[in-house]
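# What the coordinates show
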Protein chains: 2
Amino acid sequence: MTRWLNPDEQRTWRAFLAASRALMETLDRELQRDAGMPHAYYEILVRLSEAPERRLRMSELADLTGSSRSRLSHAVARLEAAGWVRREDCPTDRRGQLALLTEEGFATLAAAAPGHVEGVRRHLFDALSTAQVDQLRRISEALTDHLSRP
Amino acid sequence: MTRWLNPDEQRTWRAFLAASRALMETLDRELQRDAGMPHAYYEILVRLSEAPERRLRMSELADLTGSSRSRLSHAVARLEAAGWVRREDCPTDRRGQLALLTEEGFATLAAAAPGHVEGVRRHLFDALSTAQVDQLRRISEALTDHLSRP
DNA sequence: TCTTCTTTGTTGAGCGTTCAACTATTCGAG
DNA sequence: CTCGAATAGTTGAACGCTCAACAAAGAAGA
């Protein structure tokens, strides 16, 4: 007994699909062009830059960026090769690894941030009213909450 | 002169990022598990199934699915190898190709649809009020409209 | 303690996407 | 009618992600 989508839902679902895909692709392309990295990597650098001493456990970084451990492992390997991130052994858990943002990584991030933020503003916020921004926040938080339930 | 994000915008942006990524990953994983194809391929089959005679020009199909021509070319190659899509020469334009859904492809889609729609309902619509669904539609349409401007 | 279960992080293969380059065909200005 | 520009679609390499398998170390219970 499938609960099919009614026309309104169908339209909403397709609109959401098209919009989020187009937005992410646009920002990803801009970041790749201007900073030489995909958006997922940028996010990793951001989270590290906000952490105390600019370092985080791999697992915590994975949670913060909403990525799998495997994905993060591969990503940090690339970021390390680029000289933007370094690994260190965790002093309190010998299984653990810390990822830490290098000075070079911080400089790269600082150089990329204004352009990217401008992109987010132009492509996302400039299209919405302040009421819609508020709605989008509530919707997104409800969604995340719902998805992390069972 | 960077127009930075204020705390509300920051929160909205990160919430949207987390939610849309989590939603898409969940649906993609379910579809891969239950139907053996990624969501992008499912969408191709859906669009073909809705087209007159279940066939579309490659370029039109690319537009409808919001994908690049290259992406679609690779994707259709895979779908063709799976026996779900066939290519035909376009009678009116010798550069053109038509992609058409095979009987087998249609059957696969018909088998996959109920599960996927149920997933969309559970993970998206069940989390939102009817007012929020309406808001999300308006926001998404505004976004798509804005992104396809210049 | 010994044993088992869980957690942490990595690895390699396979897949899908991007990007740039390319062929083939059609369009359109002169 | 012709020739340069635009359009349709494909290709291969590089890249990032997923998945399953794995090793190493901690946690928990007898």
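Since the structure is predicted, the reported quantities are computational estimates derived from the model, not experimental observations. Here the residue numbering is sequential within each chain, running from 1 through the sequence in written order. Written order determines the labels here, with chains lettered from A and ligands numbered from 1. Per-residue local features of the predicted model are confined to residues with pLDDT of at least 70, and side-chain atom pairs are confined, for both listing and counting, to 80 or more; whole-chain, interface and lining totals are unaffected and use all residues.

### A word on the relation of the copies chain A and chain B
A least-squares superposition brings the copies together, and it is based on the C-alpha atoms of residues with pLDDT no lower than 70 in both. Expressed as a screw operation, the relation of chain A to chain B combines 0.0 Å of axial shift with a rotation of 180°, fitting to an RMSD of 0.1 Å. Here the two chains are linked by the operation of a two-fold rotation axis.

### Some thoughts on the protein's contact with DNA strand C
Residues in close proximity to DNA strand C total 28 residues, the closest being S59, S70 and S73 of chain A together with A40 and S70 of chain B. Helix and strand labels come from DSSP, where a helix needs a run of H or I of at least four residues and a strand needs a run of E of at least two; each type is numbered from the N terminus. Elements supplying a minimum of two residues to the surface near DNA strand C: α1 (7–35), α3 (58–65) and α4 (69–81) of chain A together with α4 (69–81) of chain B. Residue classes in the surface near DNA strand C are distributed as seven nonpolar, ten polar and eleven charged. Should the C-beta atom of a residue, placed from the backbone, lie within 6 Å of a molecule or strand, that residue is near it. Basically, the charged four are Asp, Glu, Lys and Arg, the nonpolar ten are Ala, Val, Leu, Ile, Met, Phe, Trp, Tyr, Cys and Pro, and anything else, Gly included, counts as polar.

### Topic: the protein's contact with DNA strand D
Inspection of the region around DNA strand D gives 28 residues, with A40 and S70 of chain A together with S59, S70 and S73 of chain B positioned closest. Within the residue set of the surface near DNA strand D, elements represented by two or more residues are α4 of chain A together with α1 (7–35), α3 (58–65) and α4 of chain B. With six residues, the single largest contributor to the surface near DNA strand D is α4 of chain B. The class makeup of the residues in the surface near DNA strand D is seven nonpolar, ten polar and eleven charged.

### Examining the nonpolar core
Only buried Ala, Val, Leu, Ile, Met, Phe, Trp, Tyr and Cys residues enter a nonpolar core, and they are joined through C-beta atoms within 7 Å. Put simply, a residue is buried when 20 or more other C-beta atoms lie within 10 Å of its own C-beta and exposed when 12 or fewer do; between those, it is partly exposed, and each C-beta is set from the backbone. One finds L45 of chain A together with L45 of chain B to be the most contacted residues of the largest nonpolar core, which totals 66 residues. Working definition of a contact: two residues with C-beta atoms, positioned from the backbone, lying within 7 Å. Discounting chain neighbours no more than four positions away, the residues touching L45 of chain A are W84, L101, G105 and L109 of chain A.

### Things to note about the environment of R11 of chain B
All names here are of chain B. Along the chain, the position of R11 falls in helix α1. You can call R11 partly exposed: it has 15 C-beta atoms within 10 Å. A C-alpha to C-alpha distance of 21 Å links R11 and H123, two positions 112 residues apart in sequence.

### Digging into the interface of chain A and chain B
The interface is formed by 42 residues belonging to chain A together with 42 residues belonging to chain B. With 14 residues, the top contributor of residues to the side of chain A that touches chain B is α1 of chain A. For the side of chain A that touches chain B, a count of residues per class yields 22 nonpolar, eleven polar and nine charged.

### With respect to the environment of D89 of chain A
Residue and element names in this part refer to chain A. Looking at the secondary structure, you find D89 in strand β2 (residues 85–89). D89 sits in the exposed class, given 10 other C-beta atoms within 10 Å. In this structure the C-alpha to C-alpha distance between D89 and R57, which are 32 residues apart in sequence, comes to 9.5 Å.

### Examining the sheet that holds strand β1 (residues 55–57) of chain A
Residue and element names in this part refer to chain A. Across the sheet, which stays open at both edges, the three strands sit in the order β1-β3-β2 with antiparallel pairing between neighbours. Of all the strands in the sheet, just β1 and β2 have a single pairing partner and so form its edges. Between one strand and the next, the sheet's axes are offset by a mean angle of 30°, whatever the strand orientation. Only strands joined by at least two bridges in the DSSP assignment are considered to pair. Relative to strand β3 (residues 97–101), β2 runs antiparallel, the two being bridged by five bridges. Across the sheet, residue R86 finds its bridge partner in β3, namely L100. An axis is simply a line fitted to the C-alpha atoms; with a helix, the fit covers only the stretch in contact. Between two such axes, the angle follows the N-to-C directions and lies from 0 to 180 degrees. On the sheet, α4 packs against β2 and β3 and is oriented at approximately 115° with respect to β2.

### As for the UniProt feature "domain: HTH marR-type" (unreviewed entry) in chain A
UniProt positions are given in the numbering used here, feature names are shortened, and annotations may be inferred rather than shown by experiment. Mapped onto this structure's residue numbering, the UniProt feature "domain: HTH marR-type" (unreviewed entry) falls at residues 9–145 of chain A. Regarding residues 9–145 of chain A, the helix share stands at 71% and the strand share at 9%, and the terminal C-alpha atoms are separated by 20 Å.

### Some remarks on the pairing of strand β3 (residues 97–101) of chain B
Note on strand geometry: in a regular strand, side chains alternate between the two faces of the sheet. Direction of pairing for strand β1 (residues 55–57) of chain B relative to β3 of chain B: antiparallel, over a ladder of three bridges. Opposite R55 of chain B, over in β3 of chain B, you have L100 of chain B as the bridge partner.

### What about unusual backbone geometry?
Residue and element names in this part refer to chain A. The residue E53 is not glycine, and still its phi comes out positive at about 60°. For E53, the position within the fold is in the loop between α2 (39–50) and β1. The exposure class assigned to E53 is exposed, which follows from the 9 C-beta atoms found within 10 Å.

### A word on the sheet that holds β3 of chain B
Residues and elements named next belong to chain B. If you walk across this open sheet you meet the three strands as β1-β3-β2, and the pairing is antiparallel. On the outer flanks of this sheet lie β1 and β2 (85–89), each paired with one strand and no other. Taken pair by pair, the neighbouring strands of this sheet meet at an average axis angle of 30°, ignoring direction. The sheet strands contacting α3 are β1 and β3, and the helix crosses β1 at an angle near 95°.

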